[in-house]
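Coordinate analysis (summary)
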Amino acid sequence: MRTEVISEPGARDRPNEDFAGVCLPASGQGGCVIVLDGVTPPRDGTGCLHSVPWFTARLGGALTELTVSRGDLTLREVLEQAIRRTAAAHADSCDLSHPRTPQATVVLARWSEDAVEYLVLSDSVLLLRSPGGALTPVLDDRLDRLPRSALASDAIADATVRNKEGGFFTAAADPSVAARAVTGTVPRSEVAALAALTDGATRWTEKFREGDWTALLDVVRKEGARALVDQVRGLEAADREERMFLGRSKTHDDATVVYVEL
């Protein structure tokens, strides 16, 4: 089995808000991938005493333990319990009703001898490659389907579409959001490799249009996860003024790639 993990902050002067993990249980009969992209907080605060990295570490740790040890739970139930556990860790000290309480996108994948289960919430991406090379992207595209006016400012997005019906959803403090996640199961025999990526890495396809999802995964498979992130950084540097490629709120973003060949 081949595994690769890279997670790089967008800037050296601020912490990486992503979380990434690969778990291979001692039974040797399966494993899991977990990727979170912490949502960068607004300048006017989140109602929470804790940082986004604190939140993603707590949520990622809970997801890791539950995904591995509770095979009897669906991935939606795993996410629900992990959010509840993380919220309990700071409910007494923080305002968890604040629309920008620390939150994250989520990708989970868990495989056994028989099946590969997956869950995606918000704009991180999971790619599944078949033994024959066919690629299936698993996307939660609700954010992409919103009109630009709904995302014109943090205030507008928070009031109208963030974690709201008709908008988009992230893992924050409400466990019920797990029911909103995109989920599914495919036979293990139909998956030869998978990759989980935050939007700092998927810029290669989604913002810079360097190639489709198959081409992106080919870069990771042939050249390595490091090569994909290096290419993204080069593209960002060449477009530092953000004029050619719209839709980037910052020049560099945290970029995470987890790649597994089953």
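Refer to the structure presented above.
Quick look at the pattern of salt bridges
Under the definition given, this model contains 19 salt bridges. With its nearest N and O atoms 3.7 Å apart, the salt bridge here joins Asp-158 to Arg-100. Here Asp-158 is found in helix α3 (residues 154–160), whereas its partner Arg-100 is found in the loop between α2 (75–88) and β4 (104–111), with 58 residues between them in sequence. Judged by its relative accessible area of 12%, Asp-158 is buried. Arg-100 sits in the buried class, given a relative accessible area of 5%. One continuous salt-bridge network, built from bridges that share partners, spans Glu-8, Arg-203, Arg-226, Asp-230, Arg-233 and Glu-236.

Quick word on the nonpolar core
Counting residues in hydrophobic clusters, the biggest one holds 25 residues, and the most contacted among them are Leu-59, Leu-63, Leu-79, Val-106, Leu-108 and Leu-121. For this core, the secondary structure elements donating two or more residues are β3 (31–38), α1 (52–69), α2, β4 and β5 (115–121). Look past the residues within four positions of Val-106 in its chain and what remains in contact with it is Val-35, Leu-36, Leu-63, Leu-79, Leu-119, Val-120, Leu-121 and Ala-171. Residues Leu-197, Val-219, Ala-225 and Leu-228 belong to the second largest nonpolar core, which totals 22 residues.

What to know about the side chain of Thr-202
When you line up the elements, Thr-202 lands in helix α4 (residues 199–206). Of note is the side chain of Thr-202, whose polar atom sits 3.5 Å from the backbone oxygen of Asp-199. Among the polar contacts listed, one links the side chain of Thr-202 to the side chain of Glu-206, at a separation of 2.7 Å. Each residue touching Thr-202, except ones within four places of it in the same chain, is listed here: Val-125, Leu-197, Lys-207, Trp-213 and Leu-216.

A short note on the layout of surface pockets
Remark: the empty space left among the atoms is shown by a probe the size of a water molecule rolled over them. Space inside the second largest pocket adds up to approximately 290 Å³. Lining the second largest pocket are 18 residues, and of these Arg-162, Asn-163, Ala-172, Ala-173 and Asp-174 sit closest to its centre. Of the residues contributing to the lining of the second largest pocket, the split by class is 6 nonpolar, 6 polar and 6 charged.

Points about the sheet that holds strand β8 (residues 182–187)
One open sheet accounts for 5 strands, arranged β2-β3-β4-β5-β8; its pairing is antiparallel. Each edge of the sheet is formed by a strand with only one pairing partner; in this case those strands are β2 (18–23) and β8. Ignoring which end each strand starts from, the neighbouring axes of this sheet average 5° apart. As defined by bridge partners, β4 adjoins β5 across 6 bridges and the pair is classed as antiparallel.

Regarding the sheet that holds strand β6 (residues 125–129)
Taken in spatial order, the 5 strands of this open sheet run β1-β10-β9-β6-β7, and their pairing is antiparallel. Single-partner strands in this sheet number two, and they are β1 (2–8) and β7 (135–138). Ignoring which end each strand starts from, the neighbouring axes of this sheet average 10° apart. Contacting β1, β6, β7, β9 (193–197) and β10 (255–261), helix α5 (residues 213–223) runs over the sheet at an angle of about 80° to β6.

Looking at α2
Residues separated by three or four positions in an α-helix point in the same direction, a consequence of the helix having 3.6 residues per turn. For α2, spanning 14 residues, the distance from its first C-alpha to its last is 20 Å, which sits close to the expected 20 Å at 1.5 Å a residue. Check the buried side of α2 and you find it contacts α1, β4 and β5.

Topic: the packing of α4 against α5
Where α4 meets α5, the axes come as close as 9 Å, and the angle between the chain directions of the two elements is 125°. It follows that α4 is oblique to α5 by the angle criterion. Judged by the twist between their axes, the crossing of α4 over α5 is right-handed. Contacts between α4 and α5 pair Ala-201, Thr-202, Trp-204, Thr-205 and Glu-206 from the former with Trp-213, Ala-215, Leu-216 and Val-219 from the latter. Residue composition of the contact of α4 with α5, by class: 6 nonpolar, 2 polar and 1 charged.

Re unusual backbone geometry
Phi is positive for Asn-163, close to 55°, though the residue is something other than glycine. With respect to the helices, strands and loops of the structure, Asn-163 is situated in the loop between α3 and β8. Positive phi, close to 55°, is recorded for Arg-209, a residue that is not glycine. Structurally, the position occupied by Arg-209 is in the loop between α4 and α5. You can call Arg-209 exposed: its relative accessible area is 63%.

Cut-offs used in this document
Residues numbered from 1 in each chain as written. Predicted model: local features only at pLDDT ≥ 70, side-chain atom pairs only at ≥ 80, totals over all residues. Heavy atoms only, no water. Salt bridge = Lys/Arg side-chain N within 4 Å of Asp/Glu carboxyl O. Helix = DSSP H or I, 4+ residues; strand = E, 2+ residues; numbered from the N terminus. Buried < 20%, exposed > 50% of the residue type's maximum accessible area, 1.4 Å probe, protein only. Core = buried A, V, L, I, M, F, W, Y, C linked by side-chain atoms within 4.5 Å. Contact = heavy atoms within 4.5 Å. Polar contact = N/O pair within 3.5 Å; in protein donor to acceptor, adjacent residues only side chain to side chain. 1 Å grid on protein atoms, 1.4 Å probe; cavity = no way out; pocket = protein on both sides within 12 Å on 5 of 7 lines; lining within 4 Å. Points joined across faces, edges and corners; volume = space filled by probe spheres on them. Nonpolar A, V, L, I, M, F, W, Y, C, P; charged D, E, K, R; others polar. Pairing = 2+ DSSP bridges. Axes fitted to C-alpha atoms, helices over the stretch in contact; angles between N-to-C directions. Expected span 1.5 Å × (residues − 1). Parallel < 35°, antiparallel > 145°, perpendicular 65-115°, else oblique. Left-handed = near helix turned anticlockwise from the far one by under 90°.

In short, shape yes, function no, at least from these values alone.
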